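# Coordinate inspection notes
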Amino acid sequence: MALAALALALPALAAGNAEAGKQKAAQICAACHGPAGDKPSAPENPILAGQHYDYLVKALRDYKSGKRENPIMKGFAASLSPQEIENLAAWFSSQSSGLHSQR
């Protein structure tokens, strides 16, 4: 029973801080993706607002490691700590988007 409770608590413990993510996004993401991730500056820049948290974490980790290739994103992701990645994912995943309806 205790293990089940711990397993349910782990996702909450791993979640990032959306407010800290908002601040970091304003510093490094807003120019290309918009402050809330919903207004890219160019068609090749994806909308981040409303994307799934897990997807955003994986994408940023993959850019950082080089598993996913994009020279611009690799440069930005290289400077991010694991906590900053989770914070950014928390911020962008909490934003409204026309991509899909929010749960």
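Residues numbered from 1 in each chain as written. Predicted model: local features only at pLDDT ≥ 70, side-chain atom pairs only at ≥ 80, totals over all residues. Heavy atoms only, no water.

Attention now goes to the packing of helix α4 (residues 53–65) against helix α6 (residues 82–93). Look at α4 against α6: their axes get within 8 Å of each other, and the N-to-C directions meet at 140°. Classified by the angle between their axes, α4 and α6 sit oblique to one another. Note on packing geometry: the crossing formed by α4 with α6 is right-handed. Taken together, the residues of α6 that come into contact with α4 (itself represented by Y53, L56, V57, L60, R61 and K64) are I85, E86, L88, A89, A90, F92 and S93. When its residues are assigned to classes, the contact of α4 with α6 shows nine nonpolar, one polar and three charged. (Axes fitted to C-alpha atoms, helices over the stretch in contact; angles between N-to-C directions. Helix = DSSP H or I, 4+ residues; strand = E, 2+ residues; numbered from the N terminus. Parallel < 35°, antiparallel > 145°, perpendicular 65-115°, else oblique. Left-handed = near helix turned anticlockwise from the far one by under 90°. Contact = heavy atoms within 4.5 Å. Nonpolar A, V, L, I, M, F, W, Y, C, P; charged D, E, K, R; others polar.)

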